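Letter by letter, the chains look like this.
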Amino acid sequence: MATHHQILIVGAGNAGISVAAQLLRADSKLKIGIIDPSETHYYQPAWTLVGGGVFNVNKTARPQASVIPTGAQWIKESVQTFDPENNTLTTDAGQYSYDYLVVCPGIQLDWNKIKGLPEALGKNGVTSNYSFKTAPYTFECLKNFKGGNAVFTDPGTPVKCGGAPHKIMYMAGDYLRMNGLLPKSNLQYFTARSFLFAVPEYNKTLLEVVERIGAKLNFFHDLVEIRADEKIAVFNTKNEAGEPVLKEQPYDFIHVCPPQSAPDFVKTSPLAMKGDPLGWVDVNKDSLRHNTYRNVYSLGDASSLPTSKTGAAIRKQAPVVVANLLDDIRNKAPQGVYDGYTACPLVTGYGKLVMAEFDYDKKPAMSFPIDQTKEQWSMYQVKRRLLPWMYWNMILKGKA
Ligand SMILES: Cc1cc2nc3c(=O)[nH]c(=O)nc-3n(C[C@H](O)[C@H](O)[C@H](O)COP(=O)(O)OP(=O)(O)OC[C@H]3O[C@@H](n4cnc5c(N)ncnc54)[C@H](O)[C@@H]3O)c2cc1C
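From a predicted model like this one, the values you see are computed outputs, not experimental measurements.

Parameters and conventions
- Throughout this document, residue positions are counted from 1 along each chain, in the order its sequence is written.
- Local features in this predicted model are restricted to residues whose pLDDT is 70 or higher, and side-chain atom pairs enter the listing and the counts only when it is 80 or higher, whereas totals over whole chains, interfaces and linings include all residues.
- Domain start and end points were adopted from an automatic or database domain assignment.
- Secondary structure elements follow DSSP: runs of H or I of four or more residues count as helices, runs of E of two or more count as strands, with numbering from the N terminus.
- Each residue receives one of three labels: charged for Asp, Glu, Lys and Arg, nonpolar for Ala, Val, Leu, Ile, Met, Phe, Trp, Tyr, Cys and Pro, and polar for the others, Gly being one of them.
- Partly exposed residues are those whose C-beta has more than 12 but fewer than 20 other C-beta atoms within 10 Å; with 20 or more the residue is buried, with 12 or fewer it is exposed, and the C-beta atoms are placed from the backbone.
- Two strands are said to pair when DSSP picks up at least two bridges between them.
- When the strands point away from the viewer and the connection leading from the first strand across the helix to the second strand turns clockwise, the crossover is called right-handed.
- Any residue whose C-beta atom, as placed from the backbone, lies within 6 Å of a molecule or strand is termed near it.
- To estimate the expected span of a helix, count its residues, drop one, and scale the result by 1.5 Å.
- Here, residue contact means that the backbone-derived C-beta atoms of the two residues sit within 7 Å.
- Under this scheme, a helix contributes an axis fitted over its contacting stretch, all axes are lines through C-alpha atoms, and angles between N-to-C directions fall in the 0 to 180 degree range.
- Bend angle per residue: angle between axes fitted to the 7 residues ending at that residue and the 7 residues starting there.

Colleague: Looking at this model, I keep getting lost on the domain arrangement of the protein. Mind explaining?
Modeller: The extent of an interface is frequently quoted as the accessible surface area lost upon association of the parts. Considered domain by domain, the protein is made up of domain 1 (4-107 + 262-340) and domain 2 (109-260). When each unit is reduced to the centre of its C-alpha atoms, the spacing between domain 1 and domain 2 is 31 Å. It is helix α2 (residues 47-51) that provides the largest number of residues to the side of domain 1 that touches domain 2, a total of 4 residues. Looking at the side of domain 1 that touches domain 2 residue by residue, the classes come out as 8 nonpolar, 7 polar and 2 charged.

Laid out in structure tokens, this is it:
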């Protein structure tokens, strides 16, 4: 196996495969290596629908080998350290060098930052759509719920798909309504943030949905512990005097979105943003090039790009990385600029969705000829039927 690559890509997820496929479509002679230890590739955006019981979880996973583009070499190893001064990195099995590096190993789910959560997850009403293993259990919980406290949490860190912690609450509310259980249910959303959704035009509709399902919003509440034996969630918050206090909330069912950060091996590397405890790869927000190392690019969830972390954002980031990298290789000044575009298909019930698209300035950037600030049946169909097909057949093939 070659140990030097013209372009080395770390992570064969949404971002890594998109970039590799687009590069090879532009020039099939490029020598590309993709490092990723995972045997399986996941389509994570459908896990919300899995949790709502309307998507088969097995359709969200495919063998990694089936998505590696022809012409790229898959190195089935795990990156441990970076040495960008010497254009090398080490894995659990060896050392590799490169001319250009693309860093996109995704985000780390810090389950263990919540006391008691790792042991509690996946049983007795504690669930999360943030993993392939537990997303189906969310629907089990919904089916078994006979009324009582249904709790949904959102941490203070950036998370992948900022809408996912509350989308599942809307689906749960609609499910309980359809089963006549809504009057017996107390739906509560606890977020460490000061808002529900950062873009006012979409937030307005979401607040109407919250009202429709009778949910209560609790801001500045950060989940710190699950006491599974007692079915109690503990939140860090402040009292009326502004002093920190712990608040206990009993639950019958709890959906947790864990705190998230860059993977530890990125955080502790020279590629991480200096002084940032979450350790994102430090890139220029327009060119996606590293702010210190000019032959390094990053995109996707692991990058420092100040936009919402989604696959939709990667669809606009990947062509910018590809164009700028090709310009670099050809000794031309890189021209590609990313405008922060991202999208969050906010499922608000069965057959209802607000398709939120926006840019760095949190201004709506709608691409459909309808009012996307409103719930739309057509947008639900886009999420449930069109986007999964597009992902496997167009995006991962470098065609979209
Ligand atoms: C519940 C949920 C709902 C979501 N909903 C939406 C949605 O509706 N719309 C949307 O656009 N996005 C959504 N997303 C977000 C979307 O899935 C992510 O933004 C996207 O997958 C990020 O792509 P990525 O390539 O950066 O990371 P990933 O796709 O996570 O891939 C990272 C890859 O890096 C690899 N890796 C990790 N560590 C190493 C290492 N040490 N060495 C080498 N490789 C490594 C991993 O094995 C993995 O294959 C959702 C996510 C979740 C969890």
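Read on for the rest.
Colleague: Which parts of the structure should I look at to understand the pairing of strand β11 (residues 148-154)?
Modeller: Note on strand geometry: in a regular strand, side chains alternate between the two faces of the sheet. Of all 7 residues that make up β11, 5 are buried, and the element is covered over most of its length. In this sheet, strand β12 (residues 185-191) lies alongside β11 in parallel orientation, the contact comprising 7 bridges. Along β12, the bridge assignment pairs Phe-152 with Tyr-189. Assessed by its sense of winding, the connection that carries the chain from β11 through helix α5 (residues 164-178) to β12 is right-handed.

Colleague: Hey, could you run me through the site of the ligand in this one?
Modeller: The local shell around the ligand holds 36 residues, among which Gly-11, Gly-13, Ala-15, Gly-106 and Gly-300 are the closest. Among the secondary structure elements, those contributing two or more residues to the shell around the ligand are α1 (14-26), α2 and α8 (311-329). Tallied by class, the residues present in the shell around the ligand amount to 19 nonpolar, 13 polar and 4 charged. Here the shell around the ligand gathers at least three residues from each of two domains, domain 1 (4-107 + 262-340) and domain 2 (109-260).

Colleague: I keep staring at the environment of Ser-367 and nothing clicks. Help me out?
Modeller: Its location among the elements puts Ser-367 in the loop between β21 (352-358) and α9 (377-393). Separated by 245 residues in sequence, Ser-367 and Gly-122 have C-alpha atoms that sit 38 Å apart.

Colleague: Before we go on, may I ask you to explain α1 in this structure?
Modeller: Here α1 contains 13 residues, and its C-alpha end-to-end distance of 18 Å stays within 8% of the 18 Å for a straight helix at 1.5 Å per residue. Across the 13 residues of α1, 11 count as buried, placing the element largely inside the fold. Asn-14, Ala-15, Gly-16, Ile-17, Ser-18, Val-19, Ala-20, Ala-21, Gln-22, Leu-23 and Leu-24 are the residues of α1 that are buried. Those residues of α1 hidden inside the fold are in contact with β1 (4-10), β2 (32-35), β5 (72-75), β8 (95-103) and α8.

Colleague: Where do I start with the sheet that holds strand β13 (residues 216-218) in this structure?
Modeller: Where strands meet in a sheet, backbone hydrogen bonds hold them as pairs that are either parallel or antiparallel. Taken in spatial order, the 5 strands line up as β10-β17-β11-β12-β13 in an open sheet, and their pairing is parallel. Across the chains shown, the open sheet's two edge strands, defined by having one partner strand only, are β10 (126-127) and β13. Here β11 runs beside strand β17 (residues 253-255); their pairing, made up of 3 bridges, is parallel. Each residue of the ladder has a partner; that of Ala-150, found in β17, is Phe-253. Against the sheet, α5 engages β11, β12 and β17, with an angle of about 160° to β11.

Colleague: Can you walk me through α8 in this structure?
Modeller: Along an α-helix, residues three or four positions apart point the same way, because every turn accommodates 3.6 residues. Its 19 residues place the ends of α8 26 Å apart at the C-alpha level, agreeing with the 27 Å of an ideal helix rising 1.5 Å per residue. Of all bends in α8, the biggest is about 30°, found at Gln-317, and the proline Pro-319 comes one to four residues later. Buried within α8 we find Gly-311, Ala-312, Ala-313, Ile-314, Arg-315, Gln-317, Ala-318, Val-320, Val-321, Val-322, Asn-324 and Leu-325. Buried residues along α8 sit against β1, α1, β8, β19 (296-298) and β20 (342-349).

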